[in-house]
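# Secondary and tertiary structure notes
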Amino acid sequence: MLESPIGSSAEGGPSAQTHEFAMHFALRHATLAPSSHNSQPWRFVLGEDSVMLCADRLRALPVVDPYDRELIISCGAALFNLRVALASLGIGYAITLFPSSVDPDLLAEVRLHRNRPTGGELAALVSTIQERVTTRHAFSPEPVDVTIERHLMEAARAEGVEVACVSATEPRNAIADLVAEADRQQFADPRFRRELAKWIHPRHTDDGMPAYAAGLGSLLDFATPLVASAIRTFDLGGGVAATHRELAVGSPLLLCLATGVDDAQAWLATGQALERVLLVATLHGLCASYLNQPIEMGGLRARLGPLAGLPNAYFPQLLLRIGHGTPDAATPRRPLAEVVS
Ligand SMILES: Cc1cc2nc3c(=O)[nH]c(=O)nc-3n(C[C@H](O)[C@H](O)[C@H](O)COP(=O)(O)O)c2cc1C
C-alpha cells in the first residue's frame, strides 16, 4: 500500500522532507502504469519544482512497435498516473508537452504549482492506480452497464481521444476474426516470437511479463522458461488466434481508442486516455485486457475502424476488452532508483 505523505503538512506548508515523500509517492504511482510487454519505457528527471517525463527508447520493441507508438502510449499512461497522484496530494501543476524542439525523447515537463491545487476529479482515482491490472482471463458474459459505458467514453474524450464501444454480437464477432487473423500473421514471424519471448521472465525480475501474465491460453500452465522457449521456437499462431478469438467474442464490451492524426502527440494523448479509461473501469469493478494485434499489423489496422464504428479517417490506437472478472496478480516494476534521476 502506498501511503499518502501529505496530511500533516497542511499547516506549516510542505517541508523539504514532505516534498521528497510527495515526489516519491507521485513517481511510484506513475510507474504503476501499464506498458507494452511491461517494458516500462520511461525515465523521470527531477528538477527543484518540476518533473520531466522522458521516453526510454533503449526499451523499445522494434518488431511489434517499429515506430515507438506503443512506447509513447505507455509513457502517456505513466503521465496520467502522475497527474492523478499529484492531484490526490493537492499539488497543482502545469504541463508542457514536447517541451524541446530538438529532443523528441522529452515528452512532458510537469511544473509543480503548490499554491494552485488542481480539481478533485482526478484525485478520486488515486486508489485505483494500485488496483488496476491487466486481466487476460475470460470475463463473465454479464453486460457492462450502459451508464458505466458512458463514463468510460467520457474518460477517453476528456483526454481528447475518440472512442468507440462495441457490444453487439455481429461487429464483435467480426473484430474477433480480425484479431485472430492478426495473431496468425504475428506468430508466423520468428522476429515477433523472439521479441515476445525475451520479455517473458520468471516472477522475480523487475520488468517483462511473468508466465501467468503472458496470456497465452493453455500455455499458462507451463513453467515460465518453457513458455518463453515454446514461443521463440514454434509458430503457435493457430492456438493463440483461437484463444484470443474466443476471448474477444466472450467479452461483453470491446472499446477502441482512436485519434484523428497518427503522431507522437496523438500517442501521448492516447496513453493518458487509456489510463483514464482503465482507472474508471477499475473504479466500477471492471477488468480489462488488450486485443491490439490488428492495430499492430499495418495491413489490418484500416479494417478495424469501420468494424468498430469509428468515424471515417480515424486511426485506431488501442483495442480493449472490458467486463466483469477476477483480476490477475500484479506484475513487477523496476525500482524508482532505476528510472528517476
Ligand atoms: C500500449 C500498450 C499495449 C499493450 N498491448 C498488449 C497486448 O497486445 N496484449 C496484452 O496481453 N497486453 C498488452 N498490454 C498490457 C501490458 O502487457 C501490461 O500493461 C504489462 O504487462 C504490465 O501489467 P499490468 O497492466 O497488469 O500492470 C499493453 C499495454 C500497453 C500500455
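Please refer to the structure placed before this passage.
Now for a quick tour of the structure. (Residues numbered from 1 in each chain as written. Predicted model: local features only at pLDDT ≥ 70, side-chain atom pairs only at ≥ 80, totals over all residues. Heavy atoms only, no water.)

## Considerations on the sheet that holds strand 1 (residues 42-46)
One open sheet accounts for four strands, arranged 1-2-4-3; its pairing is antiparallel. Of all the strands in the sheet, just strand 1 and strand 3 (92-97) have a single pairing partner and so form its edges. Along the sheet, successive strands turn relative to each other by an average axial angle of 20°, direction set aside. Strand direction decides the pairing type here: strand 1 and strand 2 (residues 50-55), joined by five bridges, are antiparallel. Residue Arg-43 lies in a different strand from strand 2, and its bridge partner there is Cys-54. (Pairing = 2+ DSSP bridges. Helix = DSSP H or I, 4+ residues; strand = E, 2+ residues; numbered from the N terminus. Axes fitted to C-alpha atoms, helices over the stretch in contact; angles between N-to-C directions.)

## Re the site of the ligand
Not every one of the 20 residues close to the ligand is listed here, only the nearest: Arg-132, Thr-134, Arg-136, Asn-292 and Arg-333. Interatomic distance of 2.7 Å between a side-chain N/O atom of Arg-136 and an oxygen atom of the ligand. Within the complex, the protein chains bury 91% of what would otherwise be the 620 Å² of accessible surface of the ligand. Here the residues of the shell around the ligand sort into seven nonpolar, eight polar and five charged. Here the shell around the ligand gathers at least three residues from each of two domains, domain 1 (16-132) and domain 2 (146-323). (Near = heavy atom within 4 Å. Polar contact = N/O pair within 3.5 Å; in protein donor to acceptor, adjacent residues only side chain to side chain. Areas by Shrake-Rupley, 256 points an atom, 1.4 Å probe, with all protein chains shown as cover. Nonpolar A, V, L, I, M, F, W, Y, C, P; charged D, E, K, R; others polar. Domains from an automatic or database assignment.)

## Considering the pattern of salt bridges
One pass over the full model with this rule turns up 16 salt bridges. In this structure, the salt-bridge partner of Glu-162 is Arg-157, at a minimum N-O distance of 2.8 Å. Look at the salt bridges and you will find they share partners, linking Arg-83, Glu-121, Glu-159 and Arg-276 into a network. (Salt bridge = Lys/Arg side-chain N within 4 Å of Asp/Glu carboxyl O.)

## Details of the layout of surface pockets
Computed from the structure, the second largest pocket encloses a volume of approximately 290 Å³. If you trace the second largest pocket, you find 18 residues lining it, with Val-64, Pro-66, Glu-296, Met-297 and Gly-298 closest to the centre. Looking at the lining of the second largest pocket residue by residue, the classes come out as eight nonpolar, three polar and seven charged. Among the domains, domain 1 (16-132) and domain 2 (146-323) are the pair contributing at least three residues each to the lining of the second largest pocket. (1 Å grid on protein atoms, 1.4 Å probe; cavity = no way out; pocket = protein on both sides within 12 Å on 5 of 7 lines; lining within 4 Å. Points joined across faces, edges and corners; volume = space filled by probe spheres on them.)

## Here's the deal with the nonpolar core
One finds Phe-44, Leu-82, Leu-152, Leu-255, Leu-257, Val-277 and Ile-322 to be the most contacted residues of the largest nonpolar core, which totals 68 residues. At 13 residues, helix 2 (residues 69-88) tops the list of elements feeding residues into this core. Each of domain 1 (16-132) and domain 2 (146-323) gives at least three residues to this core. Counting residues in each nonpolar core, the second largest holds 19 residues, with Ala-176, Val-179, Leu-254 and Cys-256 among its members. (Core = buried A, V, L, I, M, F, W, Y, C linked by side-chain atoms within 4.5 Å. Buried < 20%, exposed > 50% of the residue type's maximum accessible area, 1.4 Å probe, protein only.)

## Remarks on the pairing of strand 8 (residues 315-323)
Of all nine residues in strand 8, eight are buried, a share of seventy percent or more. By the bridge criterion, seven bridges tie strand 6 (residues 253-259) to strand 8 in an arrangement that is antiparallel. In the strand pairing of strand 8, Leu-255 is matched with Leu-320. Summarising the sheet, strand 7 (residues 287-290) and strand 8 pair through four bridges and their orientation is antiparallel.

## Some details on the sheet that holds strand 8
If you walk across this open sheet you meet the four strands as 5-6-8-7, and the pairing is antiparallel. With partners counted over all chains shown, the strands left at the sheet margins are strand 5 (162-166) and strand 7, one partner each. The mean angle between the axes of side-by-side strands here comes to 25°, regardless of whether they run parallel or antiparallel. Strand direction decides the pairing type here: strand 5 and strand 6, joined by five bridges, are antiparallel. Following the sheet pairing, Val-166 is matched in strand 6 by Leu-254.

## Side note on the packing of helix 6 (residues 169-187) against helix 12 (residues 298-308)
Interaxial distance between helix 6 and helix 12 falls to 10 Å at its minimum, and their mutual angle equals 170°. In terms of orientation, helix 6 lies roughly antiparallel with respect to helix 12. For the pair helix 6 and helix 12, the crossing hand works out as left-handed. Where helix 6 abuts helix 12, its residues Pro-171, Ala-174, Ile-175, Leu-178, Glu-181, Ala-182 and Gln-185 lie against Leu-300, Arg-303, Leu-304, Leu-307 and Ala-308. (Parallel < 35°, antiparallel > 145°, perpendicular 65-115°, else oblique. Left-handed = near helix turned anticlockwise from the far one by under 90°. Contact = heavy atoms within 4.5 Å.)

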